[in-house]
Amino acid sequence: MRWPIFALFAYLFLVLEVSLRNVLILGPVGPSFVIVLVVFVSLFAPRMTALWACWILGLLADLCTPLMQGADMVGPLIGPHALGYVFGGYLILQLRAMLFRRRALTLAVMTAISLTAASLVVVFIYAVHGWYPGEALAWADMRPVGELLRRLGVALYSGLLALLIGPVLVWTAPAWAFRAGSQPHMVRR
Amino acid sequence: MLRSRARFQLAFPLTLIVTLAVALLPASWRLSWQGDLAGIVQIFLMPFSHAGNALGGWLRPAPSAVDDLSAGELDLQRILEDRDLARAEYHRQRQRVAELEEQLRQLQQIPPETLRMASSSVIAHIAARHPLSPLGVVKLKLLRGAVGEIGPNTIAVYAGVHLLGRVVGEPSGSTCSLRPITNPDTGAIRGRVFPRDDPLGVGTLTLLEPTGAGAFTAEVDREAVLHEGDVLRLDDRRWPATAQGMVLGEIESLRVNDQEPLRETITVRPVYQVQHVASVTLIIERPAGDDESAGGEDPP
């Protein structure tokens, strides 16, 4: 995989995440752009490369997610998305052999599944922080189960978004040179 | 090659373990440095996220408060706004009426004799005070038509008979400067003490020296038998005729002068100070020759 191309797309999707996402919010649910890229890379990139890419995207998502504690914004929390996206990406790596990767519908469904899996990790880590004395992470006044349900809505909405963005991403796949990254190893060996 | 690849593959689980450890750190251990990292990321995202936000604002404008209202609700909204405006206007006018009533009361309290000697009197609002010196010269805001009549030595009174000070210098624009009587630059003032139980008596003449702390001190014979609360009135020909007999203050304290046992030192404090009032009445003296009773002389 060409890492500069990855960096370019990561930047673009992060910008969309922090700006255009607000326009698409429906009630408490807004789509995630970054997860679509996570799924795309996980579907096409070599195994380890995909996992590293998921970790990097998760780390950046963590740094762009301000955390609320009561009414106060207490800054980011590194880890939840970094681990969650790796878990979501790992799930796709396990399933991708059985999938038609270039179909937009595949990308949409896998986005919903991957984000749901990532949300389990994210909510778990946030919930652990809720047990710490003096830390009460606010999830719009919801319990962890309620937050999980909300994130399920986000996952479905992101799946719909992937249906639109997916074909564009698949169209750019040659530029990413996914195979070129894995083939040299094979050739050298 | 195999070893380096194995090392590369080992790095990832280690990274995940470190990430998990960081994710579980309590807030107090992580907030500062994670906030710095987030700040760096935000700096890189900022230029294009602004463009994205602008695009977002164009695609989905912020809802207006009146967009979702029906015609009837809009009418009600307008009526409520009109009502609030009318209430605000009512309170503004009521304040204005109270202000005019106070000005009228001030003017009515001026003794008729003073008015006979004066050509006119005007209300002037205190526009500015010296921030560091409450006894310093204050700026008065004058009404448009009154500027021409006011000049140096025009006196300022409050509650009709309480002398606050006099104008110094020529008015500039719509303002003039008023020097309070307690200002040390005013100098000594000759006054007459009238006992409280004999306000119409002859009184005792004395020379009041400003202390610089908003009061006067004076030496008087003990024979006068003065008490706290006795009133001092101006009796100084260097002041305009309109100011004569005006109240300078009341005796605050009496103290026997140890060096001159037959005299005592009195401290006189004005009842009203310039720094405590919002407006004053300027009494404009009739030009010399217009009225024989105007006995004022220009100060040296």
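Residues numbered from 1 in each chain as written. Chains lettered and ligands numbered in written order. Predicted model: local features only at pLDDT ≥ 70, side-chain atom pairs only at ≥ 80, totals over all residues.

### Describing the overall build of chain B
From N to C terminus, chain B includes 4 helices and 12 strands. When each of the 300 residues of chain B is scored for burial, the buried share is 25%. Sequence separation of 24 or more characterises 61% of the internal contacts of chain B that already satisfy a separation of 6 or more. (Helix = DSSP H or I, 4+ residues; strand = E, 2+ residues; numbered from the N terminus. Buried ≥ 20, exposed ≤ 12 C-beta atoms within 10 Å, placed from the backbone. Contact = placed C-beta atoms within 7 Å.)

### Structural notes on the overall build of chain A
Along the backbone of chain A there are 8 helices and 2 strands. When the helices and strands of chain A are read in sequence order from the N terminus, they spell out α-α-α-β-β-α-α-α-α-α. Out of the 189 residues belonging to chain A, those deemed buried represent 44%. Across chain A, contacts joining residues at least 24 apart in sequence account for 72% of those joining residues at least 6 apart.

### What to know about the packing of helix H3 (residues 47–63) of chain A against helix H4 (residues 80–95) of chain A
All names here are of chain A. Orientation of H3 relative to H4, taken along the N-to-C sense of each, is 150 degrees, at an axis distance of 7 Å. Viewed along their axes, H3 and H4 adopt a mutual orientation that is roughly antiparallel. Between H3 and H4 lies a crossing of right-handed hand. Residue-level inspection shows Arg 47, Ala 50, Leu 51, Cys 54, Trp 55, Leu 57, Gly 58, Leu 59, Ala 61 and Asp 62 of H3 in contact with H4, the latter providing Pro 80, His 81, Ala 82, Leu 83, Gly 84, Tyr 85, Val 86, Gly 89, Tyr 90 and Leu 93. The class makeup of the residues in the contact of H3 with H4 is 14 nonpolar, 4 polar and 2 charged. (Axes fitted to C-alpha atoms, helices over the stretch in contact; angles between N-to-C directions. Parallel < 35°, antiparallel > 145°, perpendicular 65-115°, else oblique. Left-handed = near helix turned anticlockwise from the far one by under 90°. Nonpolar A, V, L, I, M, F, W, Y, C, P; charged D, E, K, R; others polar.)

### Some thoughts on the environment of His 81 of chain A
Residues and elements named next belong to chain A. Inspection of the secondary structure assignment puts His 81 in helix H4. Judged by the 32 C-beta atoms lying within 10 Å of it, His 81 falls in the buried class. Residues His 81 and Ile 35, spaced 46 residues apart in sequence, show a C-alpha to C-alpha distance of 10.0 Å. The residues contacting His 81, other than those within four sequence positions of it, are Gly 58, Ala 61, Asp 62, Thr 65 and Val 122.

### Considering the pairing of strand E8 (residues 216–221) of chain B
Residue and element names in this part refer to chain B. Alternating positions in E8 separate cleanly, Phe 216, Ala 218 and Val 220 being buried on one face and Thr 217, Glu 219 and Asp 221 remaining unburied on the opposite face. With 2 bridges joining them, strand E7 (residues 204–210) and E8 adopt antiparallel strand pairing. Following the sheet pairing, Glu 209 is matched in E8 by Thr 217. In this antiparallel pair of consecutive strands, E7 and E8, the connection spans 5 residues, and Gly 212 shows a positive phi of 90 degrees. (Pairing = 2+ DSSP bridges.)

### A look at the pairing of strand E11 (residues 263–269) of chain B
All names here are of chain B. Sheet topology note: the E8/E11 ladder contains 6 bridges and is antiparallel. Paired with Ala 218 across the strands is Ile 266, a residue of E11. The pairing of strand E10 (residues 247–256) with E11 spans 6 bridges and is antiparallel. Each residue of the ladder has a partner; that of Val 256, found in E11, is Glu 264. Linking two consecutive strands that pair antiparallel, namely E10 and E11, is a turn of 6 residues.

### Description of the interface of chain B and chain A
Facing the 27 residues of chain B at the interface are 29 residues of chain A. Elements represented by at least two residues in the side of chain B that touches chain A include exactly helix H1 (2–23) and helix H2 (27–59) of chain B. No other element matches the 15 residues that H2 of chain B contributes to the side of chain B that touches chain A. Partitioning the side of chain B that touches chain A into residue classes produces 17 nonpolar, 9 polar and 1 charged.

### Re the packing of helix H2 (residues 34–44) of chain A against helix H5 (residues 104–131) of chain A
Residue and element names in this part refer to chain A. Contact geometry of H2 with H5 gives a least axis separation of 9 Å together with a crossing angle of 110 degrees. What the angle tells us is that H2 and H5 run roughly perpendicular. Where H2 crosses over H5, the two elements pack in a sense that is right-handed. Within the contact between the two elements, H2 uses Ile 35, Val 36, Val 38, Val 39, Phe 40 and Leu 43 and H5 uses Leu 107, Met 110, Thr 111, Ser 114 and Leu 115. Taken together, the residues of the contact of H2 with H5 sort by class into 9 nonpolar, 2 polar and no charged.

### Considering unusual backbone geometry
Residues and elements named next belong to chain B. Unlike most non-glycine residues, Ala 159 shows phi in positive territory, near 55 degrees. With respect to the helices and strands, Ala 159 occurs in the loop between strand E3 (155–158) and strand E4 (162–172). Residue Val 225 is not a glycine yet carries a positive backbone phi of 50 degrees. For Val 225, the location among the structural elements is in the loop between E8 and strand E9 (231–234).

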